[in-house]
Amino acid sequence: MPAPSIIITAEFSGSVVTNGASDDLSAQLLRHAGFQQIDDWHGRRHRLPTTTPAANKVAISSHAAEMLRAARYEVVLPPSLDTARTSAPVPVLGPYAAGAELLQITDRIRAAENGAGLQRAVDHLLHPEHGALERVREALEAAGEHINDLDGEAYALADRFGFAAEFVSSAQSELVDSEAELRRVGNAHQPQAGSRTRSSMLPDHRGSALATSPAVAKAKVSPSSGVETAVSGTAARPSRAPGPRR
């Protein structure tokens, strides 16, 4: 004889209830998952109180359904209570839906348990065609172009949006091909060896800055050499900003 069908539903009151769990085994599994059993003149029922947090309702209902199905019960579970078919709720930011989606990405980044999970979360930002940075760059560029279309005299404002788009493009270039490195985050088996490797790879100027040689401390540097160093450091970073659009 097949096991009875059990239906788990969410009521308008906010409570989650089950129907069809009349035998001892299904009742035991539901209690184990976290449901409260009620025996009254209506018969045996199981429910989650209205005060149960929404995330817990989904987790408990999904776990109960999994155990019941393993025991050969037929279970009807709505998508809103199934962890396999729901995603984290999008924060409510009014009309700023894109900002809410980015907050979701931030939450996924913070929740990543290893480098592979971190890489998958960051990919939503860095994907060269569909990532958030590419969409932001594209939107800024389009805004600058449309400003010129609407008002040819507002080229200075249009250029500011163009510059911003180029800054985003620079950020993309800085992080390109970082997928493999992200996946390796936290996978080092020899931290000390890794530290030595990183130290050996430091740029020359950082190695000099970290050195504590008495001879260097006593050395006297002329003001003119300091000026030359500052100028050369500045020259190493030429401006990438384009000229005004006409």
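Residues numbered from 1 in each chain as written. Predicted model: local features only at pLDDT ≥ 70, side-chain atom pairs only at ≥ 80, totals over all residues. Heavy atoms only, no water.

Student: What am I meant to see in the overall build of the protein chain here?
Tutor: Check the secondary structure of the protein chain and you find 11 helices and 5 strands. The burial tally for the protein chain puts 23% of its 246 residues in the buried class. Of the roughly 17,500 Å² that the protein chain leaves accessible, carbon and sulfur atoms contribute 57%. (Helix = DSSP H or I, 4+ residues; strand = E, 2+ residues; numbered from the N terminus. Buried < 20%, exposed > 50% of the residue type's maximum accessible area, 1.4 Å probe, protein only. Areas by Shrake-Rupley, 256 points an atom, 1.4 Å probe, with all protein chains shown as cover.)

Student: What is the right way to look at helix α1 (residues 24-33) in this model?
Tutor: Since the α-helix advances by 3.6 residues per turn, residues separated by three or four positions end up pointing in the same direction. Listed as buried for α1 are S26, A27, L29, L30 and A33. Down the axis of α1, the buried side of the element spans an arc of 165 degrees, and every buried residue falls inside it. Counted as exposed and oriented over 90 degrees from the buried face of α1: D24 and H32. On its buried side, α1 packs onto β1 (5-10), β2 (16-19), β3 (36-40), β4 (43-48) and α2 (54-70). Regarding α1, its N-cap is D23, as a side-chain oxygen of that residue lies 3.4 Å from the backbone nitrogen of L25 further along. Immediately downstream of α1, the backbone of G34 shows phi near 130 degrees, a positive value. (Arc of directions from axis to C-beta. Contact = heavy atoms within 4.5 Å. Polar contact = N/O pair within 3.5 Å; in protein donor to acceptor, adjacent residues only side chain to side chain.)

Student: Any chance you could explain the pattern of salt bridges here in plain terms?
Tutor: For the structure shown, the criterion picks out 5 salt bridges. For the salt bridge of R44 with D24, the shortest nitrogen-to-oxygen distance reads 3.2 Å. In this pair, R44 is assigned in strand β4 and D24 in helix α1, connecting sequence segments 20 residues apart. Measuring nitrogen to oxygen at the nearest pair gives 3.7 Å for the salt bridge that ties D39 to R44. Residues participating in the shared-partner salt-bridge network are D24, D39 and R44. (Salt bridge = Lys/Arg side-chain N within 4 Å of Asp/Glu carboxyl O.)

Student: Please explain the pairing of β3 as it appears in this structure.
Tutor: Regular strands place their side chains on alternate faces of the sheet. Note that β3 and β4 share 5 bridges and pair antiparallel. Bridge pairing in β4 places Q37 opposite H46. The antiparallel pairing of β3 with β4 creates a hairpin that spans 2 residues between the two strands. (Pairing = 2+ DSSP bridges.)

Student: Help me out: how do you make sense of the environment of G43 in this one?
Tutor: Within the element layout of this structure, G43 appears in strand β4. Residues G43 and S22, 21 residues apart in the sequence, show an inter-C-alpha distance of 8.4 Å.

Student: Quick question: what am I supposed to make of the sheet that holds β3 here?
Tutor: Strand-to-strand pairing in sheets goes through backbone hydrogen bonds, with the strands running parallel or antiparallel. Taken in spatial order, the 5 strands of this open sheet run β3-β4-β2-β1-β5, and their pairing is mixed. A strand with exactly one partner marks an edge of an open sheet, and here the two such strands are β3 and β5 (74-76). For this sheet the average axis-to-axis angle between neighbouring strands, irrespective of direction, equals 25 degrees. Bridge count between β1 and β2: 4 bridges; the pairing is antiparallel. In the strand pairing of β2, T9 is matched with V17. Contacts from α1 reach β1, β2, β3 and β4 within the one sheet, and its direction differs from that of β4 by about 20 degrees. (Axes fitted to C-alpha atoms, helices over the stretch in contact; angles between N-to-C directions.)

Student: In this structure, what is going on with the environment of A84? I would like to understand it.
Tutor: Within the element layout of this structure, A84 appears in the loop between β5 and α3 (97-111). Distance from A84 to S62, taken between C-alpha atoms, is 8.3 Å for residues 22 residues apart in sequence.

Student: I tried to follow the nonpolar core on my own but got confused; where do I start?
Tutor: Side chains of nonpolar character tend, in soluble globular proteins, to be buried together. In this structure, I8, V16, L30, F35, L68, Y73 and V75 are the most contacted members of the largest nonpolar core, which totals 18 residues. The greatest single-element share of this core, amounting to 5 residues, is contributed by α2. (Core = buried A, V, L, I, M, F, W, Y, C linked by side-chain atoms within 4.5 Å.)

Student: I tried to follow a nonpolar patch on the surface on my own but got confused; where do I start?
Tutor: Together, L93, Y96 and L103 give the surface a local cluster of nonpolar side chains, amounting to about 300 Å² of exposed area. Position of L103 among the secondary structure elements: in helix α3. (Patch = residues over 30% accessible without salt bridge, like charges linked within 9 Å, V, L, I, M, F, W, Y side chains within 5 Å.)

Student: Looking at this structure, how should I read empty space enclosed by the protein?
Tutor: The gaps left among the atoms become clear once a water-sized probe is rolled over them. Applying the stated criterion across every chain yields a total of 1 cavity of 30 Å³ or more. Computed from the structure, the largest cavity encloses a volume of approximately 30 Å³. Lining the largest cavity are Q119, V122, D123, L126, S178, E179 and L182. At 4 residues, helix α4 (residues 115-126) tops the list of elements feeding residues into the lining of the largest cavity. (1 Å grid on protein atoms, 1.4 Å probe; cavity = no way out; pocket = protein on both sides within 12 Å on 5 of 7 lines; lining within 4 Å. Points joined across faces, edges and corners; volume = space filled by probe spheres on them.)

By themselves, these are just geometric observations and shouldn't be taken as functional.
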